[in-house]
Structures are given as structure tokens and as C-alpha cells.
Amino acid sequence: MTHETFTQITRIKPSHSRFSLNLKEIWAYRELLYFLTWRDVKIRYKQTAIGIGWTILQPILTTAIFTAIFSTFTRFDTAAIPYPLFALSGLMIWLFVHNAITIASNSFVNNANLVTKVYFPRLIVPLAATLAGVIDLFFSFLTLIILMLYYAISITTQIVWVPVFVLLAIIQTVALGTLFSALNVRFRDVKFALPFVLQVWMIASPIFYPLSLVPEKWKLIFAFNPLAGILEGFRFALFGTLVDWLVIGVSMISVFFCVAVSLFVFKQMEDDFADLI
């Protein structure tokens, strides 16, 4: 009597869809996402003298520098918003975007041992690196609220829009973090080019200057910058400023276009991550 042994072979491969988020699979690996996110938070502030205090100190010091420069040499018309509040509201979003994209772009390279040895949805790696930055964003927002109380800025019902524009900023950041993390696996030039790209993006965004400074004929082109609409909407929600809804609409289209492009590029390159790292 012979005994036959049957071996079941399971082949793991990415989804054929180039725009699929595989949310069901990501949810199945939610504990891994949680631990990677928390690990990135702890690594960021490990062996630092003031730890999480940097999340408050960095935007406050940058705001103070911008306020000193633009209060001495030039004055921007920020309507009824005190300039420190105007600058901080833009900087808190920008610092989150800048830091999260920078860290996410290196996420696959820094997790090479994990990526090459264990299967899990690869999208979790840049997603965890980006979500770790939400902690910084939270503490920056608390600082902004305290300053609003100091300047006696009344909080209106429009503040309910704040989560919408913060979420859009997070979506935009996840998209670009995912895109650059994939590109950095194949093209190591990304780590040299990315700081320059982010610097240009900062100058092209209404972070420390109002959108009203942009000539009317260029405003629509300017709106293709996703951060232009996000920052305009965020300040509208906080301070009740007049807002150009066309700019916000065009920027939102740019956000979701960026998401689609990032997913497409990521899915195209996903098969080769383990081999190229």
C-alpha cells in the first residue's frame, strides 16, 4: 500500500488591476500597519533631547523666522488674520507633507530585509511611513488652536471643514510618498532630486504668502498645485476667509489625478521591489 503526499502550492502575486488599493488585504494586515507606523514614530524621536517636543518647536521657530522677515522687509495682506497664524496654518501642513514624503521615499530601502523575506501588501510600507507623520500634524494643530485663542480669533461653524482639508492633505501625501518610494527602489537618483523638488514646491505654494498675491491670469495655472487649494480651504475653515472655490476645485482634481498616477506607477513596479532592493 502506497501513501501519496500532495503538496499545495500557493502563488502570491499582485493584483492585475493597476488602480486597485486592495483595501481588503490591507485591512487584513492592519496590525502590521499599526506596528510599522508606531515603530517609525519611536525611531524618529529616539535618543532626542526633547523628543515629541520637536513637533511643536519646529513649526513655531519657522513661523517666528517668517514673521520676523516679512514683518520687517515686506508686508503681505493677510486680511484680518495675524501673520503668525497665517504662516503657521500653512507651515503645519507643509512640514507634514515635506517630512512624510521624505521619509516614505526611503521606506522600501530602509525595510529591505522585511520586503525581501516576508509577504504582505507592499503599499503598507509607504503608508505606515506617512501615517507616522500624522502625530506631528496633530501636535502642530493643537499649537495653532492655542495661538488662535491668544489672538482672540473666534472659532465658527466653518471649522467642521477642517477634517476635510486635512484628510485631502494626507491623501496627497500618501500618494506622493507611495510614488517616490517606488521610484526610489529603481532610480536611486530620487534621494538627490527629491529635496530640490520639494523646495520648488514649497515656493510655488501659498504657505507664507497669500494666494491673492498671484496675478489673476496665473491663478488658474497656480491652482493645479494640489496644496494651493488645500491651504486655501484649510484657512477658510479656520479663519472664515474669502475663498476661490474654482481654485479649490481644480486642486482637488489634481489631488485625485496624483493618486491615480501614483497607484499606476506603484502597481507597475511592485513585482520587482524584492529583486531591485
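Scroll up for the structure.
Draft legend 1. Quick look at empty space enclosed by the protein. Enumeration according to the criterion identifies one cavity of 30 Å³ or more in this entry. Forming the walls of the largest cavity are Trp54, Thr55, Gln58, Pro59, Met92, Leu95, Phe96, Asn99, Asp136, Leu137 and Ser140. Elements supplying a minimum of two residues to the lining of the largest cavity: α3 (54–72), α4 (83–105) and α8 (134–150). Residue composition of the lining of the largest cavity, grouped by class: six nonpolar, four polar and one charged.

Draft legend 2. Region of the structure containing the nonpolar core. Ranked by size, the top nonpolar core spans 77 residues in total, and within it Ile93, Phe208 and Phe234 carry the most contacts. Excluding residues within four positions of it along the chain, phenylalanine 234 makes contact with Ser89, Met92, Ile93, Phe141, Leu144, Val162, Phe165 and Val166.

Draft legend 3. Focus on a nonpolar patch on the surface. There is a patch of nonpolar side chains on the surface, built from Tyr34, Phe35 and Trp38 and spanning about 380 Å² of accessible area. In this structure, phenylalanine 35 sits in helix α2 (residues 30–44).

Draft legend 4. Layout of the layout of surface pockets. Counted as a void, the largest pocket has a volume near 460 Å³. Around the largest pocket, the lining is made up of 22 residues, and of these Ala79, Ile81, Glu232, Thr241 and Leu242 lie nearest the centre.

Draft legend 5. Inspection of α4 at higher detail. Spanning 23 residues, α4 covers 32 Å between terminal C-alpha atoms, matching the ideal 33 Å at 1.5 Å per step. For α4, a buried count of 19 out of 23 residues is recorded, marking the element as mostly surrounded by other parts of the structure.

Draft legend 6. Representation of the side chain of aspartate 136 in the model. Turning to its location among the elements, aspartate 136 is positioned in helix α8. Classification of aspartate 136 as buried rests on a relative accessible area of 13%. What aspartate 136 contacts, discounting residues up to four positions off in sequence, is Arg44, Tyr45 and Thr55.

Draft legend 7. Quick peek at the packing of α4 against helix α10 (residues 190–203). Orientation of α4 relative to α10, taken along the N-to-C sense of each, is 165°, at an axis distance of 11 Å. If you check the angle between α4 and α10, you find them roughly antiparallel. Handedness of the crossing formed by α4 with α10: right-handed. Across the interface between the two elements, Trp94, Val97, His98, Ile101, Thr102 and Ser105 of α4 pack against Leu194, Leu198, Trp201 and Met202 of α10.

Draft legend 8. The arrangement of the side chain of aspartate 40 in detail. Here aspartate 40 is to be found in helix α2. Judged by its relative accessible area of 14%, aspartate 40 is buried.

Draft legend 9. Here's a closer look at the packing of α2 against helix α7 (residues 124–131). Taken N-terminus to C-terminus, the directions of α2 and α7 make an angle of 45°; their axes are 8 Å apart at the nearest point. Regarding the angle of α2 to α7, the classification is oblique. At the point where α2 passes α7, the crossing takes the right-handed sense. Residue-level contacts link Leu32, Leu33, Leu36, Thr37, Asp40 and Arg44 of α2 to Ile124, Leu127, Ala128, Ala129 and Leu131 of α7.

Draft legend 10. Representation of the pattern of salt bridges in the model. By the definition in use, this model includes three salt bridges. A salt bridge links lysine 219 to glutamate 216; the shortest N-O distance between them is 3.6 Å. Note that lysine 219 and glutamate 216 are positioned in helix α11 (residues 216–222) at a spacing of three residues, about one turn of the helix. By relative accessible area, lysine 219 is classed as buried at 12%. Since its relative accessible area comes to 62%, glutamate 216 is described here as exposed. In this structure, lysine 267 engages glutamate 270 in a salt bridge whose closest nitrogen and oxygen atoms are separated by 3.8 Å. Like lysine 267, the residue glutamate 270 is buried in the burial classification.

Conventions we followed
- Residues numbered from 1 in each chain as written.
- Predicted model: local features only at pLDDT ≥ 70, side-chain atom pairs only at ≥ 80, totals over all residues.
- Heavy atoms only, no water.
- 1 Å grid on protein atoms, 1.4 Å probe; cavity = no way out; pocket = protein on both sides within 12 Å on 5 of 7 lines; lining within 4 Å.
- Points joined across faces, edges and corners; volume = space filled by probe spheres on them.
- Helix = DSSP H or I, 4+ residues; strand = E, 2+ residues; numbered from the N terminus.
- Nonpolar A, V, L, I, M, F, W, Y, C, P; charged D, E, K, R; others polar.
- Core = buried A, V, L, I, M, F, W, Y, C linked by side-chain atoms within 4.5 Å.
- Buried < 20%, exposed > 50% of the residue type's maximum accessible area, 1.4 Å probe, protein only.
- Contact = heavy atoms within 4.5 Å.
- Patch = residues over 30% accessible without salt bridge, like charges linked within 9 Å, V, L, I, M, F, W, Y side chains within 5 Å.
- Areas by Shrake-Rupley, 256 points an atom, 1.4 Å probe, with all protein chains shown as cover.
- Salt bridge = Lys/Arg side-chain N within 4 Å of Asp/Glu carboxyl O.
- Expected span 1.5 Å × (residues − 1).
- Axes fitted to C-alpha atoms, helices over the stretch in contact; angles between N-to-C directions.
- Parallel < 35°, antiparallel > 145°, perpendicular 65-115°, else oblique.
- Left-handed = near helix turned anticlockwise from the far one by under 90°.

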